[in-house]
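Residue-level structure breakdown
For reference, the chains in residue letters:
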Amino acid sequence: MATIITVSNQKGGVGKTTTSGALATGLAAEGKKILGIDLDPQGNLGFCLGLEATNGPTVLDALKGKLPVREAIRHTEYCDILSSDITLSNGLNVERSGPRECILRTTIEPVINDYDYIIIDTPPALNLLTVNAYAVSDYLVIPMASDILSLVGLSQLKETIDGIRASLNPGLKVLGILLTRFNARTLLSRDVLEMAQQLAGQIDTVVFDAKIRTGVAIAEAPAHGESIFDYNPRSSAVQDYQEFVQEVIGRINSAKEA
Ligand SMILES: Nc1ncnc2c1ncn2[C@@H]1O[C@H](COP(=O)(O)OP(=O)(O)O)[C@@H](O)[C@H]1O
Ligand SMILES: [Mg+2]
């Protein structure tokens with residue numbers, strides 16, 4: 001049975017898609033079988049996972065029940081993916097039986113045993129798509145850019161997580177907050193770290209030891225159809241993501257033992 005990890009923050013541009021891609025390709029490089037699911041209508045996760053053709057089945061076809069999930073899954077050199085495109089922006093207006101919050105769960109149920117990890121990228125919103133992702137997940141990873149505006153609105157995220165834990169998914173754990181665009185030399189980054197640690201305490205989690213620096217390789221890799229790890233393993237930001245992937249594996253293993 002796959003471990004399901006959702007990468008989420010209602011803010012845009014904080015590194016959700018980059019982090020989802022790094023997790024999927026990094027875990028694949030460890031020999032794990034991965035399914036990436038793109039729930040953002042911007043459809044960028046496919047690029048990060050080396051998906052070439054832009055037209056083809058999408059996650060929406062599976063969510064609507066138009067295609068069996070296995071037929072909607074596409075394959076890249078790194079992993080499998082349920083990709084998305086702009087048609088997903090109409091949201092989950094689909095006719096299916098059962099609660100609206102559980103459409104994703106019902107959709108992927110037939111393939112959960114085919115994978116070691118399922119990594120879900122989410123839109124910059126706390127909408128029904130995001131709630132569906134939270135409802136089916138074992139873990140959340142929350143990337144946060146190291147600027148002061150990143151902290152605004154995070155109390156809303158806490159409320160959402162509490163709400164999901166109280167209803168749809170009592171077992172939902174926050175694996176950690178990941179600081180991105182981090183620069184240990186600036187006072188701002190250190191302030192943000194301190195505040196992120198406080199927030200982590202409130203949602204019963206930690207700030208990952210790995211912190212992601214800014215690096216051009218991160219922004220360039222998708223244009224080359226390569227994972228960040230293949231594109232430039234020597235980039236310091238890429239090495240930060242390497243450390244993050246190892247930390248995720250370690251934290252999940254120790255959570256399983258506990
Ligand atoms: N550590 C980083 N260093 C440099 N560029 C980054 C880094 N993280 C993300 N980016 C770039 O910033 C932009 C937004 O990142 P993205 O992962 O798409 O955020 P989100 O999915 O939260 O909107 C992208 O162009 C991405 O390539
Ligand atoms: Mg994104």
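Look up a bit, the structure's there.
Attention in this report is confined to the structure presented alongside it. The shown structure was predicted, so the numbers you read here are calculated from the model rather than taken from an experiment.

So, on to the sheet that holds strand β1 (residues 3–7). What the 7 strands build is an open sheet, ordered β3-β4-β2-β5-β1-β6-β7; its pairing is mixed. Taken across any chain shown, the strands that pair with only one partner, and hence form the sheet edges, are β3 (74–75) and β7 (173–180). Relative to strand β5 (residues 117–121), β1 runs parallel, the two sharing 5 bridges. Its bridge partner lying in β5, V7 is registered against D121. This element, helix α6 (residues 128–136), spans β1, β5 and β6 (139–145) of the sheet and lies at about 150° to β1. The strands touched by helix α11 (residues 236–257) within the sheet are β1, β5, β6 and β7, with β7 carrying the most contacts at an inclination of about 165°.

Counting buried residues along β7, 7 of its 8 residues qualify, which places the element largely inside the surrounding structure. Bridging between β6 and β7 involves 7 bridges; their strand directions are parallel. Within β7, the position partnered with I142 by the bridge is I177. For the handedness criterion, the β-α-β arrangement of β6, helix α7 (residues 154–166) and β7 is classed as right-handed.

If you walk through the whole model with that rule in mind, you get 5 salt bridges. Put simply, K66 and D61 hold a salt bridge, and the shortest N to O gap is 3.2 Å. Across the pair R213 and D240 runs a salt bridge, and its minimum N-O distance is 2.8 Å. Highlighted residues: R213 in the loop between α8 (187–202) and α9 (216–220) and D240 in helix α11, separated in sequence by 27 residues. For R213, a relative accessible area of 39% translates into the label partly exposed. Residue classification places D240 among the buried positions, given a relative accessible area of 5%.

All right, on to the site of ligand 1 then. Around ligand 1, the surrounding shell holds 14 residues, and the nearest of these are G13, K16, T17, T18 and R181. In this structure, a nitrogen atom belonging to ligand 1 sits 3.0 Å away from a main-chain N or O atom of G215. Those elements that provide at least two residues to the shell around ligand 1 are α1 (16–29) and α9. Ranked by the residues each element gives to the shell around ligand 1, the list is headed by α1, at 3 residues. Residues of the shell around ligand 1, tallied by class, amount to 4 nonpolar, 7 polar and 3 charged.

Quick look at the packing of α1 against α11 now. Contact geometry of α1 with α11 gives a least axis separation of 10 Å together with a crossing angle of 70°. The angle between α1 and α11 places the two elements in the roughly perpendicular class. The two elements α1 and α11 meet at a crossing, and its hand is right-handed. Contacts from T18, T19, A22, L23, G26 and L27 in α1 reach Y241, F244, V245, V248 and I249 in α11. Looking at the contact of α1 with α11, its residues break down into 8 nonpolar, 3 polar and no charged.

This part covers α11. Taking 1.5 Å of rise per residue, the 22 residues of α11 would be expected to cover 32 Å, and the 32 Å separating its terminal C-alpha atoms lies within 8% of that figure. Restricting attention to buried positions, one finds in α11 the residues A237, V238, D240, Y241, F244, V245, E247, V248, I249 and I252. With a side-chain oxygen lying 3.2 Å from the backbone nitrogen of A237, the N-terminal cap of α11 falls on S235.

Over its 14 residues, α1 extends 20 Å from the first C-alpha to the last, a length consistent with the 20 Å expected when each residue adds 1.5 Å. α1 sits mainly inside the fold: 12 of its 14 residues count as buried. Downstream of α1 by one or two residues, G31 has phi in the positive range, about 85°.

Moving on, we come to the side chain of D121. Locating D121 in the fold gives a position in strand β5. Although buried, D121 forms no salt bridge, and the nearest oppositely charged side chain, K16, lies 6.3 Å from it. One polar contact links D121 to T17, side chain to side chain, over a distance of 2.7 Å. Apart from residues lying up to four places away in sequence, D121 is in contact with V7, K16, T17, S20, I37, D38, L39, D40 and L45.

What counts and what doesn't
Residues numbered from 1 in each chain as written. Chains lettered and ligands numbered in written order. Predicted model: local features only at pLDDT ≥ 70, side-chain atom pairs only at ≥ 80, totals over all residues. Heavy atoms only, no water. Pairing = 2+ DSSP bridges. Helix = DSSP H or I, 4+ residues; strand = E, 2+ residues; numbered from the N terminus. Contact = heavy atoms within 4.5 Å. Axes fitted to C-alpha atoms, helices over the stretch in contact; angles between N-to-C directions. Buried < 20%, exposed > 50% of the residue type's maximum accessible area, 1.4 Å probe, protein only. Right-handed = clockwise from strand over helix to strand, strands pointing away. Salt bridge = Lys/Arg side-chain N within 4 Å of Asp/Glu carboxyl O. Near = heavy atom within 4 Å. Polar contact = N/O pair within 3.5 Å; in protein donor to acceptor, adjacent residues only side chain to side chain. Nonpolar A, V, L, I, M, F, W, Y, C, P; charged D, E, K, R; others polar. Parallel < 35°, antiparallel > 145°, perpendicular 65-115°, else oblique. Left-handed = near helix turned anticlockwise from the far one by under 90°. Expected span 1.5 Å × (residues − 1). Lys, Arg positive; Asp, Glu negative; His and termini not counted.

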